[in-house]
Amino acid sequence: MWRELFTSLPFVLIISLATSLLLYFYGGRISAKGTKTQGKLAQYACGEELPAEKLQVNVERFFIYAVFFLVFDILAFMLATSLGSPGLMPALYATITLLAVILLLPMLKSRIG
Amino acid sequence: MAWEVGLLALLSTLIYPGIIFLVVIALFYQWVDRRFYAKLQNRYGPIYTGPRGILQPVADLIKLLAKEDIEPSAVDKQIFRAVPVLILTMPLTALFMIPITGTWALASFEGDLIFIIFLMTLIAILAFLGGWSSTNIFSTLGGMRAALQALGYEVPMAVSFMGPAILAGSLSVSKIVQWQASHGLWAILLNPLGFGIVIVAFLAELERIPFDIPEAETEIVAGWQTEFSGRKLALIRLALDLELVLASGLVTALFLGGPTGPIPIIPGIAWFMIKTLVLVLIFSNLRALFARFRIDQMVSGSWKYLVPLSILQIVMLELLLGWLSF
């Protein structure tokens, strides 16, 4: 019973988290405590002034790849669930997806340039 | 004796092949990587701390832990503090599902391959969050690149992992290793393309030189790690070292037969060390060989070549299995 507990996933996760937290707090104990000046607490930057509010993540670049990612992750999981019956059907499914990549990529190129 | 078995399990989780062993081997592989990389560039690499500089990674870790931890006033404090702790937790947890001493991993269950893929995706997402919470132009750019890069390499990697899984008929890393051991056949022989794709994808996952775009120091200082210092940087560095062990251990388990070999006298741990060391040297060699790609080249190249090749590999494997079963 103890053996199953000590090698179970939640226990391993907790142990790993505890190790990270231990290192983190130990680092806090032994680290040098300097004085805090305004210049020290400023961000690393140079050139033009850029306030933090103006930093935005450009979602547009992500979008097309995120859609691709979604479609092909489904392929990966379809293949993962086809373990019981290897052979023609998974191969056929994967071939169709392969053809879709080959056909879709030039279309994507002509669409976004 | 029930409690003695329990104690043994607890010790193996904490010491060998658990936490302490994993951290030691991660620091050792960092030394191997740095020495070999330096040799390829006609440098010495670390030589002063310990014999041949073998203790240099430990010294670096302690030095970073003891340095002042500066949090810029503009950062999003909760995420900024959580990211280093969590990013170290992920590869440590995943390494418990890799067989190291024998054909069984310490914490193995059916479907742990999927769980490892999930943990590796979380590492990329944490990198993005770390860059974003720093509210710094360099960090935000680096984090965005990390996320975009993850969208590129994740799919071919996951599809290539399915090759050995289909061969063994299981999604458990331990069972894949056992299948290879009992059949006396390494999965790389039937998945050569998949092996190459996984190596390339892991170079991107580890942010190593042809794909070190998220932390390209000539363009964006240190990428998403720019604002991290002191103990936070120490944890991130240790996490990257553990990721190297995870990458080489996972490739060993899935494609190279895991900790088993043709000579039965040599124990499993020795086979594990030999195979992972060879893989670490391959990673270092590739790191010294290439120059950095641009992010758009990396993502579009991955979708143009890696994804179709990985699917092609699966189609060939499935057809071969179907042909053999007739």
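Residues numbered from 1 in each chain as written. Chains lettered and ligands numbered in written order. Predicted model: local features only at pLDDT ≥ 70, side-chain atom pairs only at ≥ 80, totals over all residues.

A. Just the confidence of the model for chain B, in detail. Here chain B shows a mean pLDDT of 88. Residues at 70 or above account for 99%. With pTM at 0.90, the complex prediction returns an ipTM value of 0.87. (pLDDT = per-residue confidence, 0-100.)

B. Layout of the environment of Ile 123 of chain B. All names here are of chain B. Inspection of the secondary structure puts Ile 123 in helix H5 (residues 112-133). What makes Ile 123 buried here is the crowd of 22 C-beta atoms within 10 Å. Along the backbone, Ile 123 and Ser 325 are 202 residues apart, and their C-alpha atoms lie at a distance of 40 Å. Not counting chain neighbours up to four residues away, the residues in contact with Ile 123 comprise Ile 87, Met 90 and Glu 243. (Helix = DSSP H or I, 4+ residues; strand = E, 2+ residues; numbered from the N terminus. Buried ≥ 20, exposed ≤ 12 C-beta atoms within 10 Å, placed from the backbone. Contact = placed C-beta atoms within 7 Å.)

C. View of the interface of chain A and chain B. On the chain B side, the residues contacting the 61 residues of chain A number 69 residues. Among the secondary structure elements, those contributing two or more residues to the side of chain A that touches chain B are helix H1 (2-6), helix H2 (9-30), helix H3 (59-80) and helix H4 (88-112) of chain A. Here the element with the most residues in the side of chain A that touches chain B is H2 of chain A; it accounts for 15 residues.

D. Spatial organisation of the packing of H2 of chain A against helix H4 (residues 77-95) of chain B. Orientation of H2 of chain A relative to H4 of chain B, taken along the N-to-C sense of each, is 140 degrees, at an axis distance of 8 Å. The angle between H2 of chain A and H4 of chain B places the two elements in the oblique class. Of the two elements, H2 of chain A crosses H4 of chain B, and the hand of that crossing is right-handed. Taking contact as the criterion, the partners of Val 12, Leu 13, Ser 16, Leu 17, Thr 19, Ser 20, Leu 21 and Tyr 24 of chain A in H2 of chain A are, on H4 of chain B, Pro 84, Val 85, Leu 88, Thr 89, Leu 92 and Thr 93 of chain B. Residue composition of the contact of H2 of chain A with H4 of chain B, grouped by class: nine nonpolar, five polar and no charged. (Axes fitted to C-alpha atoms, helices over the stretch in contact; angles between N-to-C directions. Parallel < 35°, antiparallel > 145°, perpendicular 65-115°, else oblique. Left-handed = near helix turned anticlockwise from the far one by under 90°. Nonpolar A, V, L, I, M, F, W, Y, C, P; charged D, E, K, R; others polar.)

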